[in-house]
Amino acid sequence: MAPLNQMNGTMQKLTYGIEDEAVDVVSWKLREELGVNVKLGRLVITEVVGRCSS
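It should be emphasised that the depicted structure is a prediction, and the values quoted were computed from it without experimental measurement. (Residues numbered from 1 in each chain as written. Predicted model: local features only at pLDDT ≥ 70, side-chain atom pairs only at ≥ 80, totals over all residues. Heavy atoms only, no water.)

### Let's talk about the overall build of the protein
Going by this rule: Secondary structure elements follow DSSP: runs of H or I of four or more residues count as helices, runs of E of two or more count as strands, with numbering from the N terminus. Radius of gyration here is computed from C-alpha atoms only, and the compact-globule reference equals 2.2 Å multiplied by the residue count raised to the power 0.38. Think of it in three bands: with a 1.4 Å probe and only protein chains considered, a residue is buried below 20% of the maximum accessible area for its type, exposed above 50%, and partly exposed in between. Only the protein chains shown count as cover for residues, and the accessible areas themselves come from Shrake-Rupley with a 1.4 Å probe.
Per the secondary structure count, the protein includes one helix and zero strands. Taking 2.2 N^0.38 as the reference for a compact globule, 54 residues should give roughly 10 Å; the C-alpha atoms of the protein span a radius of gyration of 16 Å, well beyond that estimate. Counting only C-alpha atoms, the protein reaches 50 × 25 × 20 Å along its principal axes. The buried share of the protein, reckoned over its 54 residues, is 4%. Accessible surface, the protein: about 5,300 Å² in total, of which carbon and sulfur atoms supply 57%.

### Brief notes about the pattern of salt bridges
Test applied: Any Lys or Arg side-chain nitrogen located within 4 Å of an Asp or Glu carboxyl oxygen qualifies as a salt bridge.
Summed over the entire model, instances satisfying the criterion amount to two salt bridges. Where Glu32 meets Arg31, a salt bridge forms, and the shortest distance between an N and an O atom there is 4.0 Å.

### What about the side chain of Ser27?
As a reminder, the rule being used: The contact criterion used throughout is that any non-hydrogen atoms of two residues lie within 4.5 Å.
Within the element layout of this structure, Ser27 appears in helix 1 (residues 2–34). Setting aside anything within four residues of it in sequence, one finds Ser27 in contact with Val38 and Leu40.

### Description of helix 1
Rules: Take the number of residues in a helix, subtract one, and multiply by 1.5 Å to get its expected span.
When the terminal C-alpha atoms of helix 1 are compared, their 47 Å separation across 33 residues agrees well with the 48 Å that a helix rising 1.5 Å per residue should span. Directly after helix 1, the chain includes Gly35, whose backbone phi takes a positive value near 70°.

### Observations regarding a nonpolar patch on the surface
What counts, and what does not: Think of a patch as exposed residues, more than 30% relative accessible area, with no salt bridge, where like charges cluster within 9 Å and nonpolar side chains (Val, Leu, Ile, Met, Phe, Trp, Tyr) cluster within 5 Å.
Where nonpolar side chains cluster on the molecular surface, the patch consists of Leu4, Met7, Met11, Leu14 and Ile18 and spans about 510 Å² of accessible area. One can find Met7 in helix 1. Note on Met7: relative accessible area 51%, which makes it exposed.

Printed below as a string of structure tokens:
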């Protein structure tokens, strides 16, 4: 059972790091591209409606 708990802990740490980075990127994009300065809390994506092409 210990390896499963370790994996769960690792996934939680990784997820929080990715969440924090996403908040930073979205805040930066809003500021740089739209001139909107916001302080974001948690991002929740409820649906992906399409794919952006680069």
